[in-house]
Amino acid sequence: MTAPEFEYARIILVEDDLALAELTATYLESHGYLVDIITDGIAAAETIPEKAPDLVILDIMIPGLDGLGVCRQIRPRYDGPIIFLTARGDSIDEILGLELGADDYLAKPVEPRRLLARIRASLRRTIQPATNTTPSRPSAFSFDLASFEVRYNGSVLPLSQPEFKLLHCLFKQSGEIVSRDDIMKSIRGIEYDGLSRTADILVSELRKKLPPGEWIKTIRGQGYIWLNSE
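Reading guide: rules and limits
Residues numbered from 1 in each chain as written. Predicted model: local features only at pLDDT ≥ 70, side-chain atom pairs only at ≥ 80, totals over all residues. Heavy atoms only, no water. Core = buried A, V, L, I, M, F, W, Y, C linked by side-chain atoms within 4.5 Å. Buried < 20%, exposed > 50% of the residue type's maximum accessible area, 1.4 Å probe, protein only. Helix = DSSP H or I, 4+ residues; strand = E, 2+ residues; numbered from the N terminus. Contact = heavy atoms within 4.5 Å. Arc of directions from axis to C-beta. Polar contact = N/O pair within 3.5 Å; in protein donor to acceptor, adjacent residues only side chain to side chain. Pairing = 2+ DSSP bridges. Axes fitted to C-alpha atoms, helices over the stretch in contact; angles between N-to-C directions. Parallel < 35°, antiparallel > 145°, perpendicular 65-115°, else oblique. Left-handed = near helix turned anticlockwise from the far one by under 90°. Nonpolar A, V, L, I, M, F, W, Y, C, P; charged D, E, K, R; others polar. Phe/Tyr/Trp six-rings, centres within 6.5 Å; stacked < 30°, edge-to-face > 60°.

Visitor: So, the nonpolar core: which residues are in play, and what are the values?
Guide: Ranked by size, the top nonpolar core spans 24 residues in total, and within it Phe141, Leu167, Leu210, Ile216 and Trp226 carry the most contacts. Top contributing element to this core by residue count: helix H6 (residues 161-171), with six residues. Among all residues touching tryptophan 226, those that are not within four sequence positions of it are Phe141, Leu167, Leu170, Phe171, Ser174, Gly175, Glu176, Leu210, Trp215 and Ile216. Judged by nonpolar contacts, the second largest core, of 20 residues, contains Ile38, Val70, Ile82 and Phe84.

Quick look at the structure:
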C-alpha cells in the first residue's frame, strides 16, 4: 500500500492507449491512489485545472493537443506536479517539458515500481510545508519557496520549478561541491542513477537564464559549485 500521507491522492492519467492506461490505473489504485483517465489533450487541458488533482501523469503523443501543449496551457492554472510518461526518449522533449514546468520525465516502457517511486517523490515534495521568503544570507538573490520565485536585484528570473529548485540547491551550499545525486534528490527526491543527464541539462538551461557572470563551475566527475552568493 502507499504511504499514509499519500493515501487517496488524486491522479489524472492522460494516455490515449486505453489498455495501457487501465493497467497503469489499476496498479496505482492498488497502492491507494484515486486515478481518472483522460485520452485526449483538449479534454485534459480543460479538466486538469478544474479538478486540480494532486498529480498529473501526461503522455506526449496524445490526440487533439500533444502533452507539451497541454503542459503549456495548464501550468499557469495548475501548480501540482506533472510527470511526463512517453515512448519518445528525445532529450529535446525532456528539455521542453522541464522548461514548461514538468517535474519529471520517464520514457516508456517504465517499470511500475519505478513510476510509483517517482509519484511518491513528487507528492512528498508538494506536501512539505512551505516556508517564507529567504535568503539565508545577504545576497542579490532572494527566494520565495512557496511560489517558486527567485529575484535578482528585485527582478524576477524566468525559471521553471526544476530550475528554481536547482538554483536554490546550489545557492544554499555556496562554495561547496554539489553532486548530481544531491541535485536529483533536491529536484525529484530520488537518487542519481549514474546515467540520466537531467541534472546536466538543467544546469545548462539554468546558466542561460542567470545574470551575466560566472555563477556555476563544473567539477569534472564530481558535480557543480555555486561560486557567488552576492
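That shown, we press on.
Visitor: I'd like a description of helix H2 (residues 41-51), backed by residues and values.
Guide: Residues of H2 that are buried: Gly41, Ala44, Ala45, Ile48 and Pro49. End-on view of H2: buried residues confined to an arc of 105°, all on one side of the axis. Those residues of H2 that are exposed and aimed more than 90 degrees away from the buried face are Glu46 and Glu50. Here the buried face of H2 lies against strand E1 (10-14), strand E2 (34-38), strand E3 (55-58) and helix H3 (67-74). Two or three places before isoleucine 42, at the opening of H2, aspartate 40 has a side-chain oxygen 3.1 Å from that residue's backbone nitrogen. Looking one or two residues beyond H2, the residue adopting positive phi is alanine 52, at roughly 45°.

Visitor: Got a sec to walk through the sheet that holds strand E7 (residues 149-152)? Specific residues and values, please.
Guide: In spatial order, the strands read E6-E7-E8; together these three strands make up an open sheet with antiparallel pairing. The strands lining the two open edges of the sheet, one partner per strand, are strand E6 (141-144) and strand E8 (155-156). Note that E6 and E7 share four bridges and pair antiparallel. Counted as the bridge partner of aspartate 144 is glutamate 149 from E7.

Visitor: Pulling in residues and values, what's your account of the packing of H2 against H3?
Guide: For the pair H2 and H3, interaxial distance at closest approach is 9 Å and the crossing angle is 25°. The angle between H2 and H3 falls in the class roughly parallel. Of the two possible hands of crossing, H2 and H3 adopt the one that is right-handed. In this structure, H2 contributes Gly41, Ala44, Ala45, Ile48 and Pro49 to the contact, and H3 contributes Val70, Gln73 and Ile74. Tallied by class, the residues present in the contact of H2 with H3 amount to six nonpolar, two polar and no charged.

Visitor: Tell me about the packing of H6 against helix H8 (residues 198-209), and please be specific about residues and values.
Guide: Close contact between H6 and H8 brings their axes to 10 Å; oriented N to C, the two are set at 85°. Classed by the angle they form, the pair H6 and H8 counts as roughly perpendicular. Between H6 and H8, the contacting residues are Pro162, Glu163, Leu166, Leu167 and Leu170 on the first element and Leu202, Val203, Glu205, Leu206 and Lys209 on the second. Partitioning the contact of H6 with H8 into residue classes produces seven nonpolar, no polar and three charged.

Visitor: Report on the packing of aromatic side chains, specifying residues and quantitative values.
Guide: The geometry of an aromatic ring pair comes down to the distance between the two centres and the angle between the two planes. For the structure on display, the rule yields 11 aromatic pairs. With a centroid separation of 5.0 Å and 50° between ring planes, the pair formed by phenylalanine 143 and phenylalanine 171 is classed as tilted. Remark: phenylalanine 171 occurs in helix H6 and phenylalanine 143 occurs in strand E6; sequence separation between them is 28 residues. On the basis of an interplanar angle of 80° and a centroid distance of 5.8 Å, the ring pair of tyrosine 152 and tryptophan 215 is categorised as edge-to-face. With a gap of 63 residues between them, tyrosine 152 in strand E7 and tryptophan 215 in the loop between H8 and strand E10 (216-219) connect regions that are remote in the sequence. Pairwise contacts between aromatic rings join Phe141, Phe143, Phe148, Tyr152, Phe164, Phe171, Trp215 and Trp226 into one cluster.

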